[in-house]
Each structure stands twice: as C-alpha cells, then as structure tokens.
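The lines below spell out each chain.
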Amino acid sequence: MKIEKKINSTLFNARDNERYKSHQKGQYISEDNYKVKNKVTNYTKKVYSSPTTINLEMTEACNVKCRHCYNPWRDEHAGKFNLDKKKIDYLINEFVKNKVFHVILSGGEPLAKFDELCYALEKLVKNNISTSLNSNLMLATPEKMKKLKDIGLDHVLTSWFSYFPTETDNITQYKGSFQKIVEGIKVTVAQGIRVSANTIVTQLNHDTIYNSGKFLNSLGVSQFFAHRVIPPAYDREDKEKQFSAKIEVAKRSLDELLRLKNEFGMKVGTLINYPLCLLGDLEKYQDFVGRGCPTQQGHRFNLNSNGESHGCVMEDKNYGNIYEVGLKEAYAKTKSWRNDSYLFEGCKGCHYIDVCQSGCRMDAYASTGRMDGKDPLMPGKEHIVKPFKFKEHEDVIKKITNGANISVPSRIRFREEDGFWLMNIRWANTIEISNEEAKFFIEKQKKEETFTHQDFPFDNSIKKLAGFVCKDALVSDDIKIDVRKTGVNIDPAKLPNLEDKEQILKSHPDLEL
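Residues numbered from 1 in each chain as written. Predicted model: local features only at pLDDT ≥ 70, side-chain atom pairs only at ≥ 80, totals over all residues. Heavy atoms only, no water.

**Some details on the sheet that holds strand 12 (residues 429–433)**
The strand order 10-11-12 describes an open sheet built from three strands, whose pairing is antiparallel. Both outer strands of the open sheet, strand 10 (413–416) and strand 12, are each paired with one neighbouring strand and no more. Strand-to-strand, the axes of this sheet are offset by a mean angle of 25 degrees, without reference to chain direction. Summarising the sheet, strand 10 and strand 11 (residues 421–426) pair through four bridges and their orientation is antiparallel. Its bridge partner lying in strand 11, arginine 415 is registered against leucine 422. (Pairing = 2+ DSSP bridges. Helix = DSSP H or I, 4+ residues; strand = E, 2+ residues; numbered from the N terminus. Axes fitted to C-alpha atoms, helices over the stretch in contact; angles between N-to-C directions.)

**Considerations on helix 6 (residues 177–190)**
End to end, helix 6 covers 20 Å across 14 residues, agreeing with the expected 20 Å (1.5 Å per residue, within 8%). Once helix 6 ends, the next one or two residues include glycine 192, with phi positive near 80 degrees. (Expected span 1.5 Å × (residues − 1).)

**Some words on the pairing of strand 8 (residues 300–303)**
The alternating pattern of strand 8 places Arg300 and Asn302 on one face and Phe301 and Leu303 on the opposite face, and all of these are buried. In the sheet, strand 1 (residues 53–57) pairs with strand 8 via four bridges, with the strands oriented parallel. Within strand 8, the position partnered with isoleucine 54 by the bridge is phenylalanine 301. Hairpin connection from strand 8 to strand 9 (residues 309–310): five residues lie between these consecutive antiparallel strands, with glycine 307 at a positive phi of about 95 degrees. (Buried < 20%, exposed > 50% of the residue type's maximum accessible area, 1.4 Å probe, protein only.)

**Some thoughts on helix 8 (residues 247–264)**
Look at helix 8: 26 Å from first C-alpha to last across 18 residues, which is about the 26 Å you get at 1.5 Å a residue. Looking only at helix 8, the buried set comprises Val249, Ala250, Ser253, Leu254, Glu256, Leu257, Leu258 and Leu260. The positive-phi residue at the C-terminal boundary of helix 8 is glycine 265, with phi of around 70 degrees.

**Some points on the nonpolar core**
Formed by 98 residues in total, the largest nonpolar core has its most connected members in Leu56, Phe95, Leu105 and Leu148. Dropping the residues within four chain positions of it, leucine 56 is found in contact with Leu83, Leu91, Phe95, Val103, Ile104, Leu105, Ser106 and Leu303. (Core = buried A, V, L, I, M, F, W, Y, C linked by side-chain atoms within 4.5 Å. Contact = heavy atoms within 4.5 Å.)

**Brief notes about the packing of aromatic side chains**
Taken as a whole, this structure holds 24 aromatic pairs when the rule is applied. Look at tyrosine 90 and tyrosine 323: their rings are 5.8 Å apart centre to centre, the planes differ by 50 degrees, and that puts the pair in the tilted class. Of this pair, tyrosine 90 sits in helix 2 (residues 85–97) while tyrosine 323 is found in helix 10 (residues 322–332), placing the two residues 233 residues apart along the sequence. Of the residues examined, tyrosine 90 reaches a relative accessible area of 21% and is grouped as partly exposed. Classification of tyrosine 323 by relative accessible area gives buried; the value is 5%. Ring pairs connect the aromatic residues Phe440, Phe441, Phe451, Phe456, Phe458 and Phe468, which therefore count as one cluster. (Phe/Tyr/Trp six-rings, centres within 6.5 Å; stacked < 30°, edge-to-face > 60°.)

**Quick look at the pattern of salt bridges**
Note on pairing: side chains with opposite charge can pair once their charged atoms come close. Overall, the coordinates contain 27 salt bridges when judged by the stated rule. A salt bridge links lysine 45 to aspartate 340; the nearest nitrogen and oxygen atoms lie 3.2 Å apart. Residue lysine 45 is located in the loop between helix 1 (14–19) and strand 1, and its partner aspartate 340 is located in the loop between helix 11 (335–338) and helix 12 (353–356); the two are separated by 295 residues in the primary sequence. Judged by its relative accessible area of 10%, aspartate 340 falls in the buried class. One salt bridge in this structure joins arginine 259 and glutamate 263, with 3.3 Å as the shortest N-O distance. Taken together, the residues arginine 259 and glutamate 263, both in helix 8 and four residues apart, mark about one turn of the helix. Since its relative accessible area comes to 36%, arginine 259 is described here as partly exposed. The class for glutamate 263 is partly exposed, based on a relative accessible area of 45%. Through salt bridges with shared partners, one network takes in Lys39, Lys45, Asp340 and Asp354. (Salt bridge = Lys/Arg side-chain N within 4 Å of Asp/Glu carboxyl O.)

By themselves, these figures tell us nothing about what the structure is for.
Here is the structure:
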C-alpha cells in the first residue's frame, strides 16, 4: 500500500507533517493474494457499514517502555504525536456520523495528556458514546481520577506485568513501576471506578498468573485478563525469543485464570483470541470460547494519534490516514479482515470456524508472513474433544413463561444496517438482531413500556427473550440474574448443529456428542 509522505489535511500543521512518518514496518503482500475461504458451515457473516468500537490512541507518549509493547514506534522514540482539541473534535464528529457505540481511550499513556483526555471524554459522553480507559495508572492521583469519574468514566483497563516488583521493573524498564501501578489501582478503585487488569503472558512472567490475580483481587480489581504475547511490528522475528508463548504455557495461564475464578469468584478472560482447538475442552474453557476476533467480526478499528488506521491494535498496516480519508473509507479498506479472506486454509472443514476465526491473525502473520497463515498455537481441528453447550437458564425461562414483565433499558442503543440492526447492550458489547426485533424493541423503549412473552410476536419467543435477558439486553424486575461471561455473548447461529453427528465427527472424530 502506498504511503503518502505528507498528510493533506488542514488538521495537520507544518510541524505535524515534518514529524510524520508511517509506522508501517511489515511487508504486507497485496490483498489480491487473499481469497474468501470456503467453509462447511452455513453461517453467513453480516457486513457492517462502520465499526462499533474504536480504539483511539490519544498520544504516543508513554512513561514506560515495555519489552512487549505492540506500538510500532516504541523501538525508535518515546512518541511524537498527540491529539489536540481540533483533531479530537474532528474524530468525534466522525464517530457520531458513523454511529460508533464505544471508544477506548488509550495510548501511549493517556494520563500523560490529561487535559486532552478530559476534553475527549466530555465530548464523547455528551454524544452518548460510551467510553473506557486503557492506562498503566502510574500517573493516577485522587484528584485526576475523581475528575474523570465526575465526567463519566466508569472503567479502566490497567496493565499488569508480574507479581514480583523486580520482574515488573524489568518488563517496563522503569524502576519502581510495580509500586506506582499498585498505588494507581488503589486510587482508582477508591474513586468508584471499576478496574480490570490485563497481563501479557511471556516467558518472563508466565508462572506468576495465579499470584498476580490473587493479589489484584485483594486490591479490588474486578476482572483479570491474561493473554499470550504477540511479536511486535519492530521485532516479528523475535530475535531474543521473548515474544512467543508455547502451547503448554498458554494452556497453563488459562488454567490459572480458572483457578482464580473458582477460588475467589473473580471474573476472568482473555483479550486475544485463542484457537478453539488449543482449548480442546470447550466446556471447561467456556469463559474463553466467546472471545473471537473483534476485528474479523467487524466491530473493532484502531486509530493512532498521527491519524493512521489499523484493523487490529497489533497491526502496523495503514489503511489510510483518518484526517484525509475519514472513518468510513479507511474502515472499508479492511474488508479482507471481515469477509473470511484471512481464515487459515487448514481450518477448512472445522465446524467451529465462525466462533474461532482461525485464532489470532497477527500472531499468524508474525509466524508465517501471511494474514491467512497458521496460528502458531493451533494444533488442529481434531483436538476439539468436548463441545460448548449453552446452559439453559431454567429459572429465567420459568419466570418468562409465567408472565414476567420485561423492558428495554434506556442504555440500549440501536444502529440500522443493510437488512439487519445492531443492538448495543453496554460498552463494546453489541449483537445483531432482525429488522422486526429492532422495530419492536425501539418502540417499547421509546414508550417506556413493559411487555411479556405473549406480546413478543416471534417464534420461540420464550427462549429468545431468555437469551436477551441473559445477555443483559433486556431487564425485568421479576428476574434477578448475575450476567457473567460464560458464553452468553456467542451467537448461537455460529455454533455447529450437534444433531448432525455424522458430518461433525468427520472433522472432530473425538468430539463427545
């Protein structure tokens, strides 16, 4: 892809153009080399007009230099570009115009540009766009976090590196970083902001997951994520062998997360897609089954502070500068992400392909040089031995059957697409619904009316409504449920029909049916 040296935009001043240099490091082959893959499944992926969630990098500046950092400029400098108010105004106008639901404010370190962060947050909240913040929290103070809370911030995803202070300092390359992060978490929790933590599983810290989660739980962290490290753009060859995780290391980290869930009731997950054949037992690892790839699903899009756009946050390929081409045009160029062109040919015949999406495409690219290459953690479809099954919420179904009054919360947002609608539940959680369902829900929400299953004019109305309630898309004063990430975000249409045993066992011979 041709990269222009100068950015033709009134939002780019002379200094911006003088500093501008494309962050693209990889040698990406032409998109003409990728073809839409054949599948044995009947699911047809829907095409979105624009992303539902934006990862917006407020600044390139950061107070640490993590060894595994995916930002492509980190090997060259500490950051040159920041968003100013003019650029923020332009970007939020693009988000509103394209009906984006959720924006993740990240960096660099966004707290390093606190005034601009507050400005962006205020404008997003005003335009009914939900937000969250990605921060290492080392710069957090009671005053700063109170102000962000007052503006409307309710969630921070913070970085966590190791249970051991010296190991943390080694990874961040910043002496004393462990204590600063701990204090930042305490300050943020004290202000009533929900804090989740994410750790990158590397060869340096893979044996600290359980102790880290236990400690974070004691600090008030509500959810703990852990995922494999992905080789960054500036070192895809992984010369020092620090950016790769073996299959046994990845599985052990997931086992440790489940241990934390079972012992402390801690919510756990992963922010990078794992091949389902790595998991094997989809019942045991159900907390990690529904993750998928938000970029391949059409939801996620990433914007750098210099305007460059990427399908995935781990990606350095530029699909156009947002200040020149706008959001819709840049997003449209990522169609190969979204039309099954990047699926691995070896997944042909897998009945779980629509949920798994061939694992992580950026890890595959680092390993093979192709976006449709094999995920290095992928053992093969025959290794799926236990199916994922939706658990029937019998109590919910019973109460709906008995006439529970149901309503559409005011927080629910809708977006019309070509032949279907998107229903945003909260934050980045968005599902697809039919035109008829959307019309019904929008009318009930507008009139603030409750309804029962007898008013819901669709086949399998009780089960459908139970599914919406369990996803937190609909609510009822008659039904109390703890919504947790145990597969409820999976679209049932993407799962195989387990009744078709003959066909499924051809690809998954050891699957327990």
